[in-house]
Amino acid sequence: MGLKGVRIGWGFTGSHCTIPVLWPILAEIVAMGAEVFPILSPAVLATDTRYGRAEEIRTRLQELCGREPWTDLVSIEPIGSKRLLDVMVVAPCTGNTLAKLAHGLSDTPVTFACKAHLRNQRPVVLALSTTDGLSGNATNLD
């Protein structure tokens, strides 16, 4: 099945250990013809970890997706007004990001992208990734 012409916004949040697992998945989705628009949370944009340096992650995403990742709120704003995406994926989605979304907070590029996309009643897919089983964040799902 091809994905030619499907525009996917892909938000990356701070579950750094999960990001390397996504490389082959992204490569396959792009090979199937999808246009992937990477969107980075501040944690991914600026944090070097044992799973990768921030600049290496940004460079790898640019190579895989063929475009510079969106990293600020100004870059995200047209998602809603111009209906830029067909689907918004947040993978990995941390408990922190999930809690922000549940409470309508849009203070990062990823949460703002979700809000802008949902404004058009378009699908958002959250791939939860957490080491604590959402313990402290689960109460936000009421």
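Below or above, wherever it landed, is the structure these notes cover. Everything numeric here is computed off the predicted structure, so don't read it as measured data.

Rules and cut-offs
Residues numbered from 1 in each chain as written. Predicted model: local features only at pLDDT ≥ 70, side-chain atom pairs only at ≥ 80, totals over all residues. Heavy atoms only, no water. Axes fitted to C-alpha atoms, helices over the stretch in contact; angles between N-to-C directions. Helix = DSSP H or I, 4+ residues; strand = E, 2+ residues; numbered from the N terminus. Parallel < 35°, antiparallel > 145°, perpendicular 65-115°, else oblique. Left-handed = near helix turned anticlockwise from the far one by under 90°. Contact = heavy atoms within 4.5 Å. Nonpolar A, V, L, I, M, F, W, Y, C, P; charged D, E, K, R; others polar. Polar contact = N/O pair within 3.5 Å; in protein donor to acceptor, adjacent residues only side chain to side chain. Core = buried A, V, L, I, M, F, W, Y, C linked by side-chain atoms within 4.5 Å. Buried < 20%, exposed > 50% of the residue type's maximum accessible area, 1.4 Å probe, protein only. Disulfide = S-S within 2.5 Å. Pairing = 2+ DSSP bridges. Right-handed = clockwise from strand over helix to strand, strands pointing away.

This brings us to the packing of helix H6 (residues 95–102) against helix H7 (residues 109–118). Two numbers describe how H6 lies on H7: the axes approach to 10 Å, and their chain directions differ by 40°. Overall, the two elements H6 and H7 adopt an arrangement that is oblique. Handedness of the crossing formed by H6 with H7: right-handed. For the pair H6 and H7, contact is made by Thr97, Lys100 and Leu101 and by Val110, Thr111 and Cys114, respectively. Of the residues in the contact of H6 with H7, the class split is 3 nonpolar, 2 polar and 1 charged.

This part takes up the side chain of His117. Relative to the helices and strands, His117 resides in helix H7. In terms of polar contacts, His117 uses its side chain to reach the backbone carbonyl oxygen of Pro123, at 3.0 Å. Among residues more than four places away in sequence, those in contact with His117 are Ile79, Leu85, Asp86, Val87, Met88, Arg122, Pro123 and Val124.

In this section: the nonpolar core. Nonpolar side chains in soluble globular proteins tend to be buried together. In this structure, Ile8, Trp10, Phe12 and Leu26 are the most contacted members of the largest nonpolar core, which totals 20 residues. For this core, the elements supplying multiple residues, two or more each, are strand E1 (7–12), helix H1 (19–31), strand E2 (35–40), helix H3 (54–65) and strand E3 (87–93). With 5 residues, the top contributor of residues to this core is H1. Setting aside its immediate chain neighbours within four residues, Trp10 contacts Leu22, Ile25, Leu26, Ile29, Val36, Phe37, Pro38, Ile39, Met88, Val89 and Ala91.

In this structure, the amide linkage connecting Ala91 to the following residue, Pro92, adopts the cis form with an omega of 5°. Relative to the helices and strands, Pro92 resides in strand E3. Although it is not a glycine, Gln121 sits at a positive phi angle of roughly 55°. Among the secondary structure elements, Gln121 is positioned in the loop between H7 and strand E4 (124–128). The exposure class of Gln121 is exposed, given its relative accessible area of 76%.

A few words now on the environment of Val30. Mapped onto the secondary structure, Val30 falls in helix H1. When the C-alpha atoms of Val30 and Asp86 are compared, they prove to be 15 Å apart, with 56 residues separating the residues in sequence. The residues contacting Val30, other than those within four sequence positions of it, are Val36, Leu64 and Cys65.

Overall, the coordinates contain 0 disulfides when judged by the stated rule. Free of any disulfide, Cys93 has its nearest neighbouring cysteine sulfur in Cys114, separated by 7.3 Å.

The element E1 is extensively covered by neighbouring structure, given that 5 of its 6 residues are classed as buried. For E1 and E2, the ladder comprises 6 bridges, and the chain directions are parallel. Within the sheet, the bridge partner assigned to Trp10 lies in E2 and is Pro38. With H1 bridging E1 and its parallel neighbour E2, the resulting β-α-β unit is right-handed. Pairing geometry for E1 and E3, over 4 bridges, is parallel. Opposite Gly9, over in E3, you have Met88 as the bridge partner.

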